[in-house]
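Descriptive analysis of the structure
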Amino acid sequence: MAAVLRLAKLAVFSTACTHLGSALSLDIQDSKDADAKNRPVTKVITLLKDMQKQLQKEADEDEAIYDKMACWCQTNDREKTEAIKTAEVRIDGLTTKIEELTAGSARLNTEIKNLEKEIAENQDSLDKATAIREKQLAEFNAEEKDLLQSISALKAAITVLSKHHGGSTGFLQMPKTHMLGVAAMLQNELSKHASLLQGVLTPNERRAAAAFLQAPGDYFDAAPTFKQSYAPQSGEIFGILRQMLETFESNLSASQKEELANQQAYGELKAAKEDEIKAGQAQIDSKTGELADTDEKNAQAKVDVDDTKASLSADEQFLSMLKEKCSMADKEWEERQKTRQLEMEAVSQALAVLSGDDAHDLFTRTFNPSFLQSSSSSDASKDFRASASQVLAAVAAKYSNPKLGALAYQVKLDAFTRVKKAIDDMVAQLLKEKDDEIKHKDFCTDEFHQNQLQTEKKDREEQDLTATIEDLSMKIEGLAKAIEELKGEIAEMQVQLKRAGEDRELQNKEFQSTVADQRETQKLLTSALQFLKDFYHKKTAFIQKQEPVGPPPPAGFETYKNNAGSGGVIQLIQQIISDAKAMEAEAIRSEEDAQKAYEDFVKDTNASIEAKSKDIVEKSEVKARAEGDLVETKEAKEAVILELEQLSNYNAQLHQSCDFVLKNFELRQTARDEEVEALRQAKAILSGAKFEEFLQKV
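Residues numbered from 1 in each chain as written. Predicted model: local features only at pLDDT ≥ 70, side-chain atom pairs only at ≥ 80, totals over all residues. Heavy atoms only, no water.

**Comments concerning the overall build of the chain**
Within the chain, the regular secondary structure consists of 12 helices and zero strands. Along the chain, helices (α) and strands (β) appear in the sequence α-α-α-α-α-α-α-α-α-α-α-α when read from the amino end. The buried share among the 698 residues of the chain stands at 29%. Once local pairs closer than 6 in sequence are excluded, the contacts in the chain between residues at least 24 apart make up 88%. (Helix = DSSP H or I, 4+ residues; strand = E, 2+ residues; numbered from the N terminus. Buried < 20%, exposed > 50% of the residue type's maximum accessible area, 1.4 Å probe, protein only. Contact = heavy atoms within 4.5 Å.)

**Observations concerning the state of the cysteines**
Scanning all chains against the criterion turns up two disulfides. Here cysteine 73 engages in a disulfide with cysteine 326; their sulfurs sit 1.8 Å apart. Linking cysteine 73 and cysteine 326, the disulfide has an S-S dihedral of approximately -100 degrees and is accordingly described as left-handed. Linking cysteine 73 in helix H2 (residues 31-164) with cysteine 326 in helix H5 (residues 232-355), this pair joins segments that are 253 residues apart in sequence. For the pair cysteine 73 and cysteine 326, a shared accessibility class is recorded, and that class is buried. (Disulfide = S-S within 2.5 Å.)

**Describing the pattern of salt bridges**
Inspection of the entire model under this criterion finds 27 salt bridges. Across the pair aspartate 146 and lysine 192 runs a salt bridge, and its minimum N-O distance is 2.5 Å. Residue aspartate 146 is found in helix H2, and its partner lysine 192 is found in helix H3 (residues 176-192); the two are separated by 46 residues along the sequence. The salt bridge partner of lysine 509 is glutamate 505, with a shortest N-O separation of 3.9 Å. (Salt bridge = Lys/Arg side-chain N within 4 Å of Asp/Glu carboxyl O.)

**Digging into the nonpolar core**
Core analysis: the biggest nonpolar cluster contains 25 residues, and Leu241 and Met244 have the highest contact counts within it. At the level of elements, H2, H3, helix H4 (203-214) and H5 are the ones that each hand at least two residues to this core. Top element by residues in this core is H5. It accounts for eight residues. Residue contacts for leucine 241: discarding those within four places in its chain leaves Leu154, Ala157, Ile158, Leu161, Val182, Met185 and Leu186. (Core = buried A, V, L, I, M, F, W, Y, C linked by side-chain atoms within 4.5 Å.)

**A short note on a negative patch on the surface**
Taken together, Asp330, Glu332, Glu334 and Glu335 make up a surface patch of like negative charges. Checked against the element boundaries, aspartate 330 lands in helix H5. Residue class for aspartate 330 comes out partly exposed when judged on its relative accessible area of 32%. (Patch = residues over 30% accessible without salt bridge, like charges linked within 9 Å, V, L, I, M, F, W, Y side chains within 5 Å. Areas by Shrake-Rupley, 256 points an atom, 1.4 Å probe, with all protein chains shown as cover. Lys, Arg positive; Asp, Glu negative; His and termini not counted. Charge placed at Lys NZ, Arg CZ, Asp CG, Glu CD.)

**Re the packing of aromatic side chains**
Summed over the entire model, instances satisfying the criterion amount to two aromatic pairs. With a centroid separation of 4.7 Å and 10 degrees between ring planes, the pair formed by tyrosine 66 and tryptophan 333 is classed as stacked. Of this pair, tyrosine 66 sits in helix H2 while tryptophan 333 sits in helix H5, and the two are 267 residues apart along the sequence. What makes tyrosine 66 partly exposed here is its relative accessible area of 21%. Relative accessible area serves as the criterion here: at 16%, tryptophan 333 is assigned to the buried category. (Phe/Tyr/Trp six-rings, centres within 6.5 Å; stacked < 30°, edge-to-face > 60°.)

**Here's the deal with the environment of arginine 672**
The topology assignment puts arginine 672 in helix H11 (residues 665-686). Its relative accessible area of 8% is what places arginine 672 among the buried residues. Residues arginine 672 and leucine 430 lie 242 residues apart in sequence; the distance between their C-alpha atoms is 6.6 Å. Excluding anything up to four places from it in sequence, arginine 672 contacts Leu430, Glu433, Lys434 and Glu437.

**Quick look at H4**
If you check H4, its first and last C-alpha atoms are 16 Å apart, about what 12 residues at 1.5 Å a residue would give, namely 16 Å. For H4, every residue scored as buried is listed here: Glu205, Ala208, Ala209 and Phe212. Along H4, the residues classed as buried sweep out an arc of 100 degrees about the axis, all on the same side. Facing away from the buried side of H4 by over 90 degrees, the exposed positions are Pro203, Arg207 and Gln214. (Expected span 1.5 Å × (residues − 1). Arc of directions from axis to C-beta.)

**Examining the environment of glutamate 610**
Looking at where glutamate 610 falls in the secondary structure, it is placed in helix H10 (residues 566-663). Glutamate 610 sits in the exposed class, given a relative accessible area of 60%. For the pair glutamate 610 and isoleucine 490, spaced 120 residues apart in sequence, the C-alpha to C-alpha distance is 9.0 Å.

**Notes on the side chain of serine 255**
Of note, serine 255 is situated in helix H5. When near neighbours in sequence (up to four residues on either side) are disregarded, serine 255 contacts Phe140 and Glu143.

**Looking at the side chain of glutamate 437**
Here glutamate 437 lies in helix H9 (residues 416-543). Polar side-chain contacts of glutamate 437 include one of 2.3 Å to the side chain of arginine 668. Excluding its chain neighbours within four sequence positions, the residues that come into contact with glutamate 437 are Val661, Phe665, Arg668, Gln669 and Arg672. (Polar contact = N/O pair within 3.5 Å; in protein donor to acceptor, adjacent residues only side chain to side chain.)

**Focus on the confidence of the model for the chain**
Confidence in the prediction of the chain, expressed as mean pLDDT, is 76, and 72% of residues score 70 or more. Here helix H1 (residues 2-24) stands out as the least confident element of the chain, with mean pLDDT 37; H10 is the most confident, with 86. Predicted confidence is poor over residues 367-378, with pLDDT under 50, and the contacts of this stretch with residues over four places away or in other chains come to 21 contacts. Here residues 555-561 is a poorly scored stretch, pLDDT under 50, and it has three contacts once near neighbours within four places are set aside; other chains count. (pLDDT = per-residue confidence, 0-100.)

Structure, rendered in structure tokens:
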């Protein structure tokens, strides 16, 4: 495109030069003869001009290559520098996060251990309190039972005495067995509750009780004094029994109140300790979940640090290579530009020497001695203005520029001063438009680049978020499936536990029936065996009885002999009884083994159910957190998609504003340069530049 534009420019300039040559030349002798004479120098000039074009073409190609390299260097340098900075910031943040998570994990482990220690201490305190409470309850039950028995015995004794108490002969009519029973009861209570009755009975009462205990049957035989109408001993014993009854009842009431207070205190302590244990266990469960989450985040952060460091290392290596390559490209560009500039200056200097006025005159004298005749000054001025107008009109027609057309017309009419000023103003305006268009192009290039970078970044974020959403969805699905499997396993274990209980109940019933049958069999066989033993043992003893000394008796019955099968029957019954006992013992052992196996199965199954239930709780918590993360990730993805839409809309706006400029930038810049060059040439023509110089420049 640039070569075509340059050819068009040369064509326009050639046309203008032709018109100018026609206006300035008054009389040129036969041009074919002069060209024939000047052909060698003309060829040299043509070759030099071709060299200039080739050098300029190579310079343009180098500049295009360097521009691409510079753009690549600048873009990647900026991107990698930003990526390295972002990675370093991310590594610092992840390192800080890892330190915080590590510290948090250590803190949670310490807190969990402290809570476990507190729970153990509370459980130990509760166990000790329970042991003390059980001991207190056992002591109270024993004391209560003892006191109730004593109170019952005293009430019975008082009832017995009260029936016979009242007359002077009351106790004389009481059966002696009743009197001995009362005495035995009184002695037992005085001995058993000696510490309790300490200080309750007076010495006289103790002496009276001792006298009664020594001779209960004779104690009430003493006759009363003349002032007494009843036996004083009966009233004294009766009072002692009542006093003992009141003491026992009072002590029982106090013990019951104390037991109630102890029971209430233990209940409060137990409730408080169980609440503390429950609260501690809840904290342990919460902190265990938090610890698992912290450890998981810590591990992920470490993986992210490693990945970021690897990416940072790759970016740093690439940036180092880029800087080295771009530095070498800059140096090569500078050397090539400097060398080509020297070459172009040499060619230009040679061309200037060969194209100068003196050289032209010399070549004319050498190869063509004729001279061109000049016209008058006024005619030349008109011709200059006409030629300049033609140059401007040609460029205006080529690029459809009305301003240049108006200026071309103005050149024909106005004076040089006003025309030159108009040309300067238009040149300034064109140069300003050129700078504005360059700025607009740079703006468009930068904005397209930034839009592309941001779009690529958001695309990567969308891809990452999509991958995260898929991972979270798979994780949630896996957790839900695992939870359902655990629930199914728990339900199956509960069914198995129920079936095992039913089977155990049937086995126990069968065991009870078997043992009952065996014992009933043993009972029956033992009874039968006892009958046989009683008979045959007695018979044997009868047979072995020694006859008294004296004359022998007359012949009598023959010797009685046991039934030949009696011994076998007895042994067989004994064997059957032994077998029944062995079967009973075997059934008991089997029952004990089955019961132990059932208890172990119940214990293991309950432990497994508890572990799986805990696993369900933990997985449910993880699933809830994953669902929360999924919602946040979806919201983040929607935000990224919205930003991508905004970037796409902005990209469309940039295309509307920049496509024409970027597509036609080179063409418009070249056209504007040609317009400026045409204006300057027109001004030069109006300023009196020589036609030969104009031809040489073109």
